[in-house]
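# Close look at the chain arrangement
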Amino acid sequence: MPEFVAILDFGSQYTQLIARRVREHHVYCEILRCDTSIEELSGKKVKGIILSGGPSGVYEEEAPRCDPKIFDLGVPVLGICYGMQLGCELLGGKVIAAQHREYGSTEIEVSGEDPLFSGINSSTTVWMSHGDRVSEIEEGFETTAKTDNCPHAGIWHRESGFRGIQFHPEVTHTSEGSKILHNFLFAICDCSGDWSLSRFIEEKTAELKATIGSKNVVLGLSGGVDSSVVALLLDRAIGNQLTCIFVDNGVLRKNEREQVKGMFTDNYEFNLRVVDAPEVFLENLAGVTDPEEKRKRIGNTFIDGCKEAAADLDDVEFLAQGTLYPDVIESLSPIGGPSATIKSHHNVGGLPEQLGFKLIEPLRNHFKDEVRALGKELCLAPELLHRQPFPGPGLAVRIIVEITADNLDVLRNADVIIQEEIEKWEGYPGIWQSFGVLLPVQTVGVMGDQRTYDNVVALRIVESLDGMTANWICLPQDILASISSRICNEVHGVNRVVLDISSKPPSTIEWE
Ligand code: XMP
């Protein structure tokens, strides 16, 4: 078992960032429920524990807590924000609601001998986001950092090995955050930093082999980088026991089915089955406009398609999917508690309760850019590696009106033009996603002296590292102009194109 750092999640929006920062230091980590039992933790080779932040106040009755026995495990514990307050309270300190919420950048003053701050400037910029703060520390605690508003912005309890910091080292606004986490992992937890992508591949392959044994697996293959990487991992682990299933759900982009099939048959020798199901999906989506309902119906119909395709295979026990961490965090609260459902990503919250398969999701703890790096390491074909993300529910979440064959045609034709024009731009590789959205609005136009009353297409073009946040991109005017004029001229049923200039947050990338 590799050395690893456990991150106990108390519902912070930053928990996933802590995980990726730890992995950036080549230390393997997992995000676990905050109430993970002490037995489970002691069964692993835990080198350190990080308690994440969270939206609760430790004095609230329903506040999430961890087992206080984590301090008996003999491993260093770092509490961040809520995690600091909880650790402090569990060890006898006091926490109060601060008179002034502290949100944003601030300077802390560092003092004392704690190796957590070794090599850190005595005054350094950090990112704060808290209402409560530690107000009093008992004997046994030392203050290691403070701000004007927060007398104990850093604390150390030498006897138990607990450290708390009120600020967030995982966000880039904390200028020396990476160094602080480095100190925790290496100077304090004594990690060796020997985790790498190739090691991840080796370990995952072995783990998949052990889990699957001699059973068969079907993989929902979309042709995106996530499910393609899962296919390569499974191919290494179980070879012929894998059958990939591409479900044509009728809400794909133009020619996508042929393209994906071609890319896979040209590059790999996987068992690949294509399910031809557009009619069933469109029937099930008829009249549905609620985004969550769309996702659920697509999720259910997708599983039916996989079952049908696997019906003649023996011993199929598992369904594999390319689920990533952002799918999980936005669909469900990973601790069954505080973080809100944003969207039921069809491969997580959109699945039926009675699945009929055990799920295998080897990338469930990872982010898209990490998966791309993994794909590169696994020599994934470049045309698959660099594909833009495309949501499982496809064009269904980009048609804000009812999904009909006509609406799909309109959006597909507009989508082709958007891609053709944008690919001419030198900045294209930096684009995360570029697509059109068909709006439930008809507007008046004039074409060849005739009045038109047609649809609107919104352009959505964003850059992002991992889909968790995104910025809209301002394309050169000539490209925008050719997209707009081509769509209005060539796509029957559209007489207006608008540009979406919203970032995530507060918007999301997809419109639904
Ligand atoms: P949002 O719209 O939540 O999207 O900002 C973040 C990223 O996730 C993709 N996305 C999905 N992917 N099933 C998926 O497989 C879904 O239901 C889904 N919804 C959004 C989206 O395209 C973007 O890359």
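Since we're looking at a predicted model, the values are computed, not measured.

Moving on to the pairing of strand β3 (residues 46-51). When you tally the buried positions in β3, you get five out of six residues, the bulk of the element. Of the pairings in the sheet, the one linking strand β1 (residues 4-9) to β3 comprises five bridges and is parallel in character. By the bridge assignment for β3, valine 5 is matched with glycine 48. Direction of pairing for β3 relative to strand β4 (residues 77-80): parallel, over a ladder of three bridges. Within the sheet, the bridge partner assigned to isoleucine 49 lies in β4 and is valine 77.

We note that the domain assignment places domain 1 (4-188), domain 2 (197-385) and domain 3 (398-499) within the protein. Spacing between the C-alpha centres of domain 1 and domain 2 amounts to 35 Å. Counting from both sides, the interface comprises 13 residues of domain 1 and, opposite them, 12 residues of domain 2. Carbon and sulfur atoms supply 56% of the area buried between domain 1 and domain 2, which totals about 1,100 Å² over both sides. Interface area lost by domain 1 to domain 2 is led by Gln16, Arg20 and Arg23, which between them contribute 43%. Across the domain 1-domain 2 interface, the total number found is two salt bridges. Viewed at the interface, domain 2 and domain 1 are joined by three residue pairs in polar contact (both at pLDDT 80 or more). Secondary structure elements with two or more residues in the side of domain 1 that touches domain 2: α1 (15-24) and β2 (29-33).

With that out of the way, let us pick up the site of the ligand. Lining the immediate environment of the ligand, one finds 16 residues, of which Arg295, Glu330, Lys343, Ile509 and Glu510 sit closest. For the ligand, an oxygen atom lies 2.8 Å from a polar atom in the side chain of arginine 295. For the ligand, whose accessible area on its own is 500 Å², the fraction buried by protein is 93%. Looking at the shell around the ligand, its residues break down into five nonpolar, six polar and five charged. Summarising the domain contributions, the shell around the ligand has at least three residues from each of domain 2 (197-385) and domain 3 (398-499).

This part is about the packing of aromatic side chains. Within this structure, the stated rule accounts for nine aromatic pairs. Residues phenylalanine 264 and phenylalanine 270 carry aromatic rings whose centres are separated by 6.2 Å and whose planes lie at 40° to one another, so their mutual orientation is tilted. Consider the rings of tyrosine 268 and phenylalanine 270, whose centres lie 5.0 Å apart with planes at 5°: the pair is stacked. Through successive ring pairs, a cluster of aromatic residues spans Phe4, Tyr28, Trp195 and Phe200. Between arginine 20 and the ring centre of phenylalanine 367, over which it is positioned, the NZ or CZ distance is 5.2 Å. Directly above the ring of phenylalanine 435 sits arginine 398, whose terminal nitrogen or CZ lies 3.6 Å from the centroid.

Further remarks concern helix α14 (residues 477-490). With 14 residues, α14 should reach 20 Å at 1.5 Å per residue; the first-to-last C-alpha distance of 19 Å fits that figure. Residues of α14 that are buried include every one of Ile479, Ile483, Ile487 and Cys488, and no others. Along the long axis of α14, the arc covered by the buried residues comes to 155°, so they all point the same way. Away from the buried face of α14 by more than 90 degrees, exposed residues Gln477, Asp478 and Asn489 are located. Where α14 is buried, its residues contact α13 (405-422), β15 (433-447), β16 (450-463) and β18 (494-499).

In this structure the tally under the stated criterion is 34 salt bridges. The salt bridge partner of arginine 23 is glutamate 370, with a shortest N-O separation of 2.7 Å. On the criterion of sequence distance, the pair formed by arginine 23 in helix α1 and glutamate 370 in helix α11 (residues 368-377) is long-range, its members being 347 residues apart. We classify glutamate 370 as buried; its relative accessible area is 16%. Between glutamate 256 and arginine 253 there is a salt bridge whose closest N-O contact spans 2.7 Å. In this structure, glutamate 256 and arginine 253 share a single accessibility class: buried.

The rules behind the values
Residues numbered from 1 in each chain as written. Predicted model: local features only at pLDDT ≥ 70, side-chain atom pairs only at ≥ 80, totals over all residues. Heavy atoms only, no water. Buried < 20%, exposed > 50% of the residue type's maximum accessible area, 1.4 Å probe, protein only. Helix = DSSP H or I, 4+ residues; strand = E, 2+ residues; numbered from the N terminus. Pairing = 2+ DSSP bridges. Domains from an automatic or database assignment. Contact = heavy atoms within 4.5 Å. Buried area = accessible area lost by both parts, 1.4 Å probe. Salt bridge = Lys/Arg side-chain N within 4 Å of Asp/Glu carboxyl O. Polar contact = N/O pair within 3.5 Å; in protein donor to acceptor, adjacent residues only side chain to side chain. Near = heavy atom within 4 Å. Areas by Shrake-Rupley, 256 points an atom, 1.4 Å probe, with all protein chains shown as cover. Nonpolar A, V, L, I, M, F, W, Y, C, P; charged D, E, K, R; others polar. Phe/Tyr/Trp six-rings, centres within 6.5 Å; stacked < 30°, edge-to-face > 60°. Lys NZ or Arg CZ within 6 Å of the ring centre and 35° of its normal. Expected span 1.5 Å × (residues − 1). Arc of directions from axis to C-beta.

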